[in-house]
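Coordinate inspection notes
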Amino acid sequence: MEQDKRMWGGRFEETTDEAVAAFTASVDVDQALALVDIQGSIAHAKMLGAQKILTAEEARRIVEGLEALAVDIQEGRFEWRTALEDVHMNIEQALTDRIGALGGKLHTARSRNDQVATALRLWLGQAVRSTVSALKDLCAALVDAAESHLDVVMPGYTHLQVAQPVLLAHHLLAYYEMLRRDARRFSGSLERISVSPLGAGALAGTSFPIDRHQTASMLGFADVARNSIDAVASRDHVLEHLSYCAITMVHLSRLSEELILWSSQEFGFVTLPDSHTTGSSIMPQKKNPDVCELVRGKTGSVCGHLMAQLMMMKGLPLAYNRDMQEDKAGLFAAHQTLLRSLRLYATMLPKVQIHAHRMREAAGRAYSNATDLADYLARKGMPFREAHEVTGKLVALCLKEGVPLESLPITRMKALCPTIGADVYDHLAVDKVVDARQSFGGTARSQVALQIRHACADLKDRWCR
Ligand code: ARG
């Protein structure tokens with residue numbers, strides 16, 4: 001590796017071991033911070049000018065140099081050098097190359113510790129906004145699907161055993177609720193992210209007459225970190241973000257698992273679109289749910305990134321430690337994975353074909369109306385426990401004879417329980433079973449329609465707090 005003059009090299013006699021330079025460098029990863037780093041530097045330089053720490057002319061030339069570098073970076077003309085360690089020193093060196101020794105004045109009253117903390121918070125704010133917006137798109141797709149399949153009945157499961165019939169729309173809206181909470185969690189974190197560490201220096205503040213409120217407001221931060229040690233030593237905003245990424249991925253992973261099951265030949269509830277599935281290199285007939293499987297699989301690495309960072313932070317004395325450089329790779333990867341997953345699901349969902357007849361058929365099987373028979377008896381005054389027992393006996397009888405409850409003649413029902421009248425059959429049809437559940441949040445069509453209306457209003461008027 002080339003041996004550049006190191007920015008911190010004054011007190012060193014020996015050059016850095018090459019393997020050490022490679023091991024400690026982070027520019028491959030943290031160059032993703034380039035534009036927010038420049039944004040932070042520009043605010044810092046303007047403040048230095050306003051506070052007369054630099055002359056107005058010096059500040060202007062530094063800002064111009066930084067703006068030109070931002071263009072180079074955006075246009076892919078910037079040459080990143082591992083020997084310069086990280087994104088911050090690469091940009092500072094390029095600035096000096098461009099405007100001369102004046103570039104070295106940018107770092108007045110600043111440390112890489114508050115610099116990196118600032119860049120990371122700016123990056124995180126953007127990451128949160130794009131995540132919240134991708135969540136909104138997926139939520140809108142879920143609500144659309146719910147609205148357009150409001151008549152589809154499917155089996156609801158517990159323990160993956162058929163439990164009670166529900167509307168598909170109801171099931172889809174359960175995911176809407178989860179992802180809606182995820183979006184709120186992410187947007188709620190913005191107030192903790194939007195706090196400026198700039199001006200904290202290495203850890204103790206600075207002897208220059210800086211104005212931290214000025215840089216904070218130039219950068220759009222809502223607040224200024226109150227304690228310079230905390231400002232450079234803390235990464236709980238990263239941990240918080242990763243935990244929200246992990247939770248959201250877990251939600252997507254459960255949806256993935258269901259789509260994988262539902263698209264299997266055994267279920268046959270849905271057909272996934274060709275555009276979001278892949279084939280087999282040997283079995284010509286195959287169409288595999290790879291997007292769903294990979295979302296489920298990548299959930300493991302996102303949860304792993306959260307765990308890695310919790311472990312990375314747990315033993316660190318205050319304030320900054322180099323360990324913390326490791327905060328970025330996992331954060332960036334988790335964010336990318338979540339964003340890509342959300343976007344893929346938002347485009348896939350509208351193209352999923354629903355096989356309503358298969359779902360309805362399955363919904364009516366496996367005595368999914370047994371609770372309704374027990375409820376019928378309870379409404380006639382029988383204690384529910386007794387009604388449960390009687391219904392269980394009827395189910396056992398039907399199981400032996402291989403017939404559904406609603407096919408058992410009234411005489412046979414009455415033989416076991418005289419309370420049962422001929423009107424019982426009115427309560428056992430799948431649609432009746434669904435529509436009987438009128439309790440708030442229940443699966444009756446009117447309740448699900450209410451949930452849809454509420455979701456539409458969320459999406460329209462109150463998505464972000
Ligand atoms: N690349 C470093 C990081 O990401 C920047 C801060 C370095 N500070 C230091 N004192 N070595 O954490």
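Above this text sits the structure in question.
Since this is a predicted model, take the numbers as computed values, not measurements. (Residues numbered from 1 in each chain as written. Predicted model: local features only at pLDDT ≥ 70, side-chain atom pairs only at ≥ 80, totals over all residues. Heavy atoms only, no water.)

**Here's the deal with the overall build of the protein**
The secondary structure content of the protein amounts to 18 helices and six strands. By the compact-globule yardstick of 23 Å for 465 residues, the protein is too spread out, its C-alpha radius of gyration being 30 Å. Along the first, second and third principal axes, the C-alpha atoms of the protein reach 100 × 50 × 40 Å. The buried share of the protein, taken over its 465 residues, is 51%. Contacts in the protein between residues at least 24 apart in sequence constitute 73% of all its contacts with a sequence separation of at least 6. Accessible surface, the protein: about 22300 Å² in total, of which carbon and sulfur atoms supply 54%. (Helix = DSSP H or I, 4+ residues; strand = E, 2+ residues; numbered from the N terminus. Rg over C-alpha atoms; globule rule 2.2 N^0.38 Å. Buried < 20%, exposed > 50% of the residue type's maximum accessible area, 1.4 Å probe, protein only. Contact = heavy atoms within 4.5 Å. Areas by Shrake-Rupley, 256 points an atom, 1.4 Å probe, with all protein chains shown as cover.)

**A short note on the site of the ligand**
Lining the immediate surroundings of the ligand are S26, D30, D86, R112, N113, V116, Y320, R322, Q325 and K328. At 2.5 Å from an oxygen atom of the ligand is found a side-chain nitrogen or oxygen belonging to K328. About the coverage of the ligand: the protein hides 85% of its 340 Å² of free accessible area. Counting residues per element, the shell around the ligand draws most heavily on helix α6 (residues 112-148), at three residues. When grouped by side-chain class, the residues that make up the shell around the ligand number two nonpolar, three polar and five charged. (Near = heavy atom within 4 Å. Polar contact = N/O pair within 3.5 Å; in protein donor to acceptor, adjacent residues only side chain to side chain. Nonpolar A, V, L, I, M, F, W, Y, C, P; charged D, E, K, R; others polar.)

**Remarks on helix α10 (residues 236-262)**
The first and last C-alpha atoms of α10 sit 39 Å apart over 27 residues, in line with the 39 Å expected at 1.5 Å per residue. In terms of burial, α10 is largely enclosed, as 19 of its 27 residues are buried. (Expected span 1.5 Å × (residues − 1).)

**Regarding the environment of A204**
Of note, A204 is situated in the loop between β3 (195-196) and α8 (212-218). Residue classification places A204 among the exposed positions, given a relative accessible area of 67%. Along the sequence, A204 and I229 sit 25 residues apart, while their C-alpha atoms lie 6.3 Å from each other.

**Looking at the pattern of salt bridges**
Overall, the coordinates contain 25 salt bridges when judged by the stated rule. Between D72 and R98 there is a salt bridge, and its shortest N-O distance comes to 2.6 Å. A residue pair is termed long-range when its members are at least 10 positions apart, and D72 in helix α4 (residues 56-74) and R98 in helix α5 (residues 87-99) qualify at 26 residues. Assessed through its relative accessible area of 14%, D72 is described here as buried. Here the salt bridges do not stand alone but share partners, grouping D72, E75, R77 and R98 into one network. (Salt bridge = Lys/Arg side-chain N within 4 Å of Asp/Glu carboxyl O.)

**Some details on the side chain of S341**
Looking at the element boundaries, S341 is found in helix α12 (residues 327-348). Note on S341: relative accessible area 4%, which makes it buried. Contact partners of S341, with chain neighbours within four places excluded, come to M249, L252 and V295.

**Description of the environment of R6**
In this structure, R6 sits in the segment before α1 (18-24). In contact with R6, other than residues within four places in its own chain, are F12, E14, T15 and T16.

**Structural notes on unusual backbone geometry**
Cis rather than trans, the peptide bond between L318 and A319 has omega equal to 5 degrees. Along the chain, A319 falls in the loop between α11 (290-313) and α12. Even without a glycine there, the phi angle at L160 is positive, about 55 degrees. Of note, L160 is situated in the loop between β1 (153-158) and β2 (161-167). In the Ramachandran plot, Y367 falls in the positive-phi region, its phi being about 60 degrees despite a non-glycine side chain. Here Y367 shows up in the loop between α13 (356-363) and α14 (370-379). Using a relative accessible area of 18% as the deciding quantity, one classes Y367 as buried.

Fair warning: the whole summary comes from geometry, so function is off the table for now.
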